Amino acid sequence: CSANRLRLSDYVFLREGEDIRDYLYDIWNTMKQSVSDGLTHTGELPGGLEVERKAQYLYNRRHIDESPQTRENRLVCAYAFAVAEQNASGGEIVTAPTCGAAGVIPAVMYYMQRSRKFSDAAVVRALATAGLIGNLIKTNASISGAECGCQAEIGTASAMGAAALCY
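Engineer: Lay out the packing of helix α5 (residues 104–116) against helix α6 (residues 120–140) with the relevant residues and their values.
Structural biologist: The packing of two helices is summarised by the inter-axis angle and the distance between the axes. Between α5 and α6, the shortest axis-to-axis distance is 10 Å and the interhelical angle comes to 150 degrees. One way to sum up the angle between α5 and α6 is to call them roughly antiparallel. Our pair here, α5 against α6, has a crossing hand that is right-handed. Across the interface between the two elements, Ile105, Met109 and Gln113 from α5 touch Asp120, Val123, Ala126 and Leu127 from α6.

This is the structure:
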């Protein structure tokens, strides 16, 4: 990429073909919907453990003297909780990279779109980069919680999210 002055997302589009772009738009729309749906639901999650949903509470829990950093953290966590709760309730999510870490990428991208005005096209480029990093990890290490523990899942998702911001 460096020798050819390609961004990582350009490499993905070059190798996978332009059809991947439409696929990533579908992925992004599903991610946005899972965050949005998760933020609108309240009550107990199904399953009999009496676990209360927390995404909407986190989203609305503004503190009077909340710093910008605390607000950012609260919102990103609310978005991630929203997806996790959608997963726990049988809602549609994107396993990126796994079900256990499925809230990380949507939370980061949703926050960046809302707070930093990332366009859908920019998010699609970011998702291409994130996917490339996920594939590198899957090929050379593991994304499997069963194989390497939850660090494999959440660590991969975190690396994908960080790389996505450098699309």
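Engineer: Please set out the environment of Pro68 residue by residue, giving values where relevant.
Structural biologist: Locating Pro68 in the fold gives a position in helix α4 (residues 68–88). Judged by relative accessible area, which is 64%, Pro68 ranks as exposed. Here the alpha-carbon distance between Pro68 and Ile93, two residues 25 residues apart in the chain, equals 29 Å.

Engineer: Go over the packing of aromatic side chains, please, and point to the residues and values.
Structural biologist: Under the defined criterion, the tally for this structure stands at 2 aromatic pairs. Taking the centre distance of 6.2 Å and the plane angle of 40 degrees together, the rings of Tyr59 and Tyr79 count as tilted. In this pair, Tyr59 sits in helix α3 (residues 55–60) while Tyr79 sits in helix α4, placing the two residues 20 residues apart along the sequence. Summarising the aromatic geometry, the rings of Tyr79 and Tyr110 are spaced 4.7 Å apart at their centres and angled 75 degrees between planes, so their arrangement reads as edge-to-face. In this pair, Tyr79 sits in helix α4 while Tyr110 sits in helix α5, placing the two residues 31 residues apart along the sequence.

Engineer: Account for the state of the cysteines, naming residues and giving values.
Structural biologist: Tallying each qualifying case throughout the model produces 0 disulfides. The thiol sulfur of Cys77 is not disulfide-bonded, and the nearest other cysteine sulfur, from Cys150, lies at 16 Å. Free of any disulfide, Cys148 has its nearest cysteine sulfur in Cys150, 11 Å distant.

Procedures and definitions
- Residues numbered from 1 in each chain as written.
- Predicted model: local features only at pLDDT ≥ 70, side-chain atom pairs only at ≥ 80, totals over all residues.
- Heavy atoms only, no water.
- Axes fitted to C-alpha atoms, helices over the stretch in contact; angles between N-to-C directions.
- Helix = DSSP H or I, 4+ residues; strand = E, 2+ residues; numbered from the N terminus.
- Parallel < 35°, antiparallel > 145°, perpendicular 65-115°, else oblique.
- Left-handed = near helix turned anticlockwise from the far one by under 90°.
- Contact = heavy atoms within 4.5 Å.
- Buried < 20%, exposed > 50% of the residue type's maximum accessible area, 1.4 Å probe, protein only.
- Phe/Tyr/Trp six-rings, centres within 6.5 Å; stacked < 30°, edge-to-face > 60°.
- Disulfide = S-S within 2.5 Å.

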